[in-house]
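# A look at the structure
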2 protein chains.
Amino acid sequence: MHIQSQNRLLLGPGPSSVSPEVLKAMSTPLVGHLDPYFLEVMSDMQNMLRQTFQTKNELTLAMSGTGSAGMETVFVNLVEPGDKVLIGICGVFGERMKDVAQRCGADVLTVEAQWGTAIQPEQVEQVLKSTSSIKAVALVHAETSTGVRQPLQEISRIVHNYGALFIVDTVTSLGGIPVEVDKMQIDACYSGTQKCLSAPPGLSPVTLSSAALNVVKTRKQKVQSWYLDLNMIANYWGEERFYHHTAPISMIFSLHEALRLLLDEGLENSFARHARNGQLLQSELEAMGLTLFAQEGYRLPELTSVVFPEEYKEGELRRRLLHEYGIEVGGGLGPLKDKAWRIGLMGHSSTLSNVTLLVQAMKNLLH
Amino acid sequence: MHIQSQNRLLLGPGPSSVSPEVLKAMSTPLVGHLDPYFLEVMSDMQNMLRQTFQTKNELTLAMSGTGSAGMETVFVNLVEPGDKVLIGICGVFGERMKDVAQRCGADVLTVEAQWGTAIQPEQVEQVLKSTSSIKAVALVHAETSTGVRQPLQEISRIVHNYGALFIVDTVTSLGGIPVEVDKMQIDACYSGTQKCLSAPPGLSPVTLSSAALNVVKTRKQKVQSWYLDLNMIANYWGEERFYHHTAPISMIFSLHEALRLLLDEGLENSFARHARNGQLLQSELEAMGLTLFAQEGYRLPELTSVVFPEEYKEGELRRRLLHEYGIEVGGGLGPLKDKAWRIGLMGHSSTLSNVTLLVQAMKNLLH
């Protein structure tokens, strides 16, 4: 078979649709990973990543793997066997953090909230108060399995009061809602490229505060992953330019262009666009008599979980939406399996036209 | 800055130049990672990878990281803390294997050979004879730091006589010289996309024998890397199609097309082309009075290490080659630093025209 376009509109939980400019940049003929031009591209991209993460962190780069590799990067570098880590769980990606942290030998404590709701600051404070020497607290900013936005400010204050590091998963938030790494005092933050940044999947932007970087530099044991060892990778992205592994050149080209487009639009304009289109979709869904799963006040504009009445078979509807309209949305995970859709309006996919088309297609399919 | 073509000819140790067809396939608009079309592309690609690895192994797939992630995949999945692993070292990538295996808790034994030479079967047999219960023996088929081809057949026989698993790094060999996984009884084999396959860097083809897969399935401990855990990843690439992480769609498109082009040419024709162009380059370099670093009889056609007489400054020559001719070659590593070039004629870069141009450019620069 030959690879050919399927003319899909990607309105699922990611990947989102990628703009022609990004596809074009990605397909630029290659240069070597130590070519002076490529090093310039990397530096320029690091600056754009810093602007996007709203940080001055020196260690800001893109890991050569998807968002899950970014998650693993943060845990393998910050955690040593026996370290206590507190993880907030209210969906699939909090669960994944727990699994990843345990594989690093962490002694994992958890606070949990019902799917569809967010972790409350009191829950975090209670554990930090009753358990000594917790090294890090980790939360998911935008839980892709539920569509919940996790408020960060108050929890960050508490975490730092107890001298712990604050780890935040921003895979589905970066570029779509404000991710203010410095203002929120986030010590370690990772994201993905295929959500609100609208580049293809394959890289994971990561940024570490100087406190977190110091933890990495003063580890007792080597990082258990050679591939994700930030001590070595920072030497390639830093002034030394010391070869570690061959960077995924074309992916870096695509992310560079995606960031350029985002910053050209302006972060605030992008946030406003995501908010506007997300709110429109959510009010239309409610007007159709469907139920929004995420708790009011905590809804992400870029990812909406919507629950169908029992008489509908969501899987069949979803297949028809794909085959008849060429539109992809996601199915529910965990307790939402076979009951809900996850609709993404991320990055290049977040437009008034896409909301309008999707809503009308849903009306046609449901009636 | 905007991403724009630099018009480079990539004749270094990788990435190699990528054909326009592969760039075009890569820039095909995205589909979701669970789209029926994408699952079809994955299955088709798995079949092509099996043909390329010359294997019937069920577990044959592309990991979502570069060749080094493939190396780490093999070791994190096969090795448990305390396992004895014997590694052959005669260059940078054997050294890297040792580091990676140790980070998995392996008790690493080594056999070493001088840079520029290959590991001899007797060395391996001696260690296997004198040390009980070695779980795996690992070698680099094509050592990218020296240009040496490691013969596999006799060592494979010995390894299996002692009941160990045979791990082979084929990052720089796959597609350029025969990699006969089944015939050579290789239990775990990983490669890269940016060498003789001529796709952009970012994926790592991996194949495991049923014996190796059984080791992974019957581990006592969880694989220490969540991202590279083959128990979970095999469920996404297998019939279950269970979501693990978002596959790098565009990279998969590019590799699919690169494999299609390779198999369209035919493996034997590709090997013959690599052999012909490599031999031509090597005889031209010797005719210019330069010294080939790799031992005669063990030279890779796709990667040639050439040593300059002391009066030449290789770094300056290499910069001039890049800036004046737009040709990238690699510098020496380790003992070859500042003394040698590593010239790649890999995949799409291995042509008579490229050899002719490079040789003439070198003559111009050296005189």
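Residues numbered from 1 in each chain as written. Chains lettered and ligands numbered in written order. Predicted model: local features only at pLDDT ≥ 70, side-chain atom pairs only at ≥ 80, totals over all residues.

The helix and strand tally for chain A stands at 12 helices and 15 strands. Its C-alpha atoms give chain A a radius of gyration of 20 Å, within 12% of the compact-globule value 21 Å for 367 residues. Judged by the C-alpha coordinates and their principal axes, chain A covers about 60 × 55 × 40 Å. The contacts in chain A between residues at least 6 apart in sequence include a share of 72% that link residues at least 24 apart. (Helix = DSSP H or I, 4+ residues; strand = E, 2+ residues; numbered from the N terminus. Rg over C-alpha atoms; globule rule 2.2 N^0.38 Å. Contact = placed C-beta atoms within 7 Å.)

Looking now at the pairing of strand E5 (residues 134–140) of chain B. All names here are of chain B. The buried fraction of E5 amounts to six of the seven residues, a majority that puts the element mostly inside the structure. The pairing of strand E3 (residues 84–89) with E5 spans four bridges and is parallel. Paired with Leu86 across the strands is Val137, a residue of E5. (Buried ≥ 20, exposed ≤ 12 C-beta atoms within 10 Å, placed from the backbone. Pairing = 2+ DSSP bridges.)

Each partner contributes residues to the interface: chain A has 55 residues there, and chain B has 55 residues. Residue assignment for the side of chain A that touches chain B shows that the elements contributing at least two residues are helix H1 (20–26), helix H2 (36–53), helix H3 (67–78), helix H4 (92–103) and helix H9 (249–265) of chain A. By residue number, the principal contributor to the side of chain A that touches chain B is H9(A), which donates six residues.

So, about the nonpolar core. Core analysis: the biggest nonpolar cluster contains 231 residues, and A:Ala101, A:Val137, B:Ala101 and B:Val137 have the highest contact counts within it. Those residues in contact with A:Ala101 that lie beyond four places of it in its chain are A:Phe75, A:Val79, A:Val85, A:Ile87, A:Ala106 and A:Val108. (Core = buried A, V, L, I, M, F, W, Y, C linked by C-beta atoms within 7 Å.)

For the rest of this paragraph, the subject is helix H2 (residues 36–53) of chain B. Residue and element names in this part refer to chain B. Taking 1.5 Å per residue as the helical rise, H2 with its 18 residues ought to reach 26 Å, and the 26 Å between its terminal C-alpha atoms agrees with that figure. Those residues of H2 lying buried are Val41, Met45, Gln46, Leu49, Thr52 and Phe53. Buried residues along H2 cover an arc of 140 degrees about the axis, so they all sit on one side. Its buried side turned inward, H2 meets strand E2 (60–63), strand E9 (188–190), strand E10 (204–208), helix H8 (230–237), helix H9 (249–265) and helix H10 (267–287). The positive-phi residue at the C-terminal boundary of H2 is Gln54, with phi of around 55 degrees. (Expected span 1.5 Å × (residues − 1). Arc of directions from axis to C-beta.)

As a further point, take the domain arrangement of chain A. Residue and element names in this part refer to chain A. Once the domains are mapped, chain A shows domain 1 (9–13 + 267–366) and domain 2 (21–263). Taken over C-alpha atoms, the centre of domain 1 sits 27 Å from the centre of domain 2. Tallying the contact residues gives 23 residues for domain 1 and 23 residues for domain 2. When residues of the side of domain 1 that touches domain 2 are assigned to their parent elements, the largest contribution, four residues, is made by helix H10 (residues 267–287). When its residues are assigned to classes, the side of domain 1 that touches domain 2 shows 12 nonpolar, eight polar and three charged. (Domains from an automatic or database assignment. Nonpolar A, V, L, I, M, F, W, Y, C, P; charged D, E, K, R; others polar.)

The next thing to look at is the relation of the copies chain A and chain B. Overlay of chain A on chain B (RMSD 0.0 Å): rotation 180 degrees, translation along the axis 0.0 Å. Given the turn and translation reported, the copies of this chain are related as if by a two-fold rotation axis. A share of 100% of the interface residues of chain A reappears at the interface of chain B, consistent with the copies meeting face to face through the same patch. (Least-squares fit on C-alpha atoms with pLDDT ≥ 70 in both.)

Below, the discussion takes up the environment of B:Leu34. All names here are of chain B. Looking at where Leu34 falls in the secondary structure, it is placed in the loop between helix H1 (20–26) and H2. Sequence-wise, Leu34 and Tyr236 are 202 residues apart; in three dimensions their C-alpha atoms are separated by 9.3 Å. For Leu34, the contacting residues outside a window of four places in its chain are Arg241 and Tyr243.

This next bit is on unusual backbone geometry. Residue and element names in this part refer to chain A. Each neighbour pair has its own omega, and for Gly14 with Pro15 the value is 5 degrees, a cis peptide bond. Position of Pro15 relative to the elements: it lies in the loop between strand E1 (9–10) and H1. Non-glycine residue Asp338 carries a positive phi angle of around 70 degrees. Structurally, the position occupied by Asp338 is in the loop between strand E14 (330–331) and strand E15 (340–344).

We now examine the environment of A:Asp35. Residue placement: A:Asp35 occurs in the loop between H1 and H2. Taking C-alpha positions, A:Asp35 is 32 Å from A:Gly14, a pair spaced 21 residues apart along the chain. When neighbours within four sequence positions are excluded, A:Asp35 is seen to be in contact with B:Arg8 and B:Glu328.

Across a sheet, strands are paired by hydrogen bonds formed along the backbone, either parallel or antiparallel in direction. Residue and element names in this part refer to chain B. Spatially, E2-E10-E9-E8-E5-E3-E4 is the arrangement adopted by the seven strands of the open sheet, whose pairing is mixed. In the strand order of this sheet, the two ends are held by E2 and strand E4 (107–112), each with one partner. Taken over all neighbouring pairs, the strand axes of this sheet differ in orientation by 20 degrees on average, direction set aside. The strands touched by helix H4 (residues 92–103) are E3, E4, E5 and strand E8 (165–169); relative to E3, the strand with the most contacts, the crossing angle is about 160 degrees. (Axes fitted to C-alpha atoms, helices over the stretch in contact; angles between N-to-C directions.)

Here the focus is the sheet that holds strand E14 (residues 330–331) of chain B. Residues and elements named next belong to chain B. With antiparallel pairing, four strands are arranged side by side in an open sheet as E11-E12-E15-E14. Two strands in the sheet have a free side with no partner beyond their single neighbour: strand E11 (291–292) and E14. With five bridges connecting them, strand E12 (residues 303–307) and strand E15 (residues 340–344) associate as antiparallel partners. By the bridge assignment, Val307 is partnered in E15 with Ala340. Here H10 sits on the sheet and contacts E11, E12 and E15; the angle it forms with E12, its principal contact strand, is near 5 degrees.

The next point concerns H9(A). Residues and elements named next belong to chain A. With 17 residues, H9 should cover 24 Å at 1.5 Å per step; its first-to-last C-alpha distance of 25 Å lies within 8% of that length. A large share of H9 lies buried, amounting to 12 of its 17 residues. At the C-terminal side of H9, Gly266 shows a positive phi close to 100 degrees.

Now for the pairing of E12(B). Residues and elements named next belong to chain B. With four of five residues buried, E12 is to be regarded as a mostly interior element. With two bridges joining them, E11 and E12 adopt antiparallel strand pairing. Residue pairing across strands places Leu292 opposite Val306, the latter belonging to E12.

Geometrically, a packed helix pair is captured by the angle between its two axes and the distance between the axes. All names here are of chain A. Direction vectors running N to C along H2 and H9 enclose 45 degrees, while the axes themselves pass 10 Å from each other. When the interaxial angle is binned, H2 and H9 end up oblique. Judged by the twist between their axes, the crossing of H2 over H9 is left-handed. Residue-level contacts link Phe38, Val41, Met42, Asp44, Met45, Met48, Leu49, Gln51 and Thr52 of H2 to Ile249, Ile252, Leu255, His256, Leu259, Arg260, Leu262 and Leu263 of H9. (Parallel < 35°, antiparallel > 145°, perpendicular 65-115°, else oblique. Left-handed = near helix turned anticlockwise from the far one by under 90°.)

Residues and elements named next belong to chain B. Position of Glu125 among the secondary structure elements: in helix H5 (residues 121–130). Glu125 sits in the partly exposed class, given 18 other C-beta atoms within 10 Å. Placed 32 residues apart in sequence, Glu125 and Arg157 show a C-alpha to C-alpha distance of 10.0 Å.

For the rest of this paragraph, the subject is the confidence of the model for chain A. Taken as a whole, chain A shows an average pLDDT of 97; of its residues, 100% reach a score of 70 or greater. Across the interfaces of the predicted complex, the ipTM metric reaches 0.97, alongside a pTM of 0.98. (pLDDT = per-residue confidence, 0-100.)

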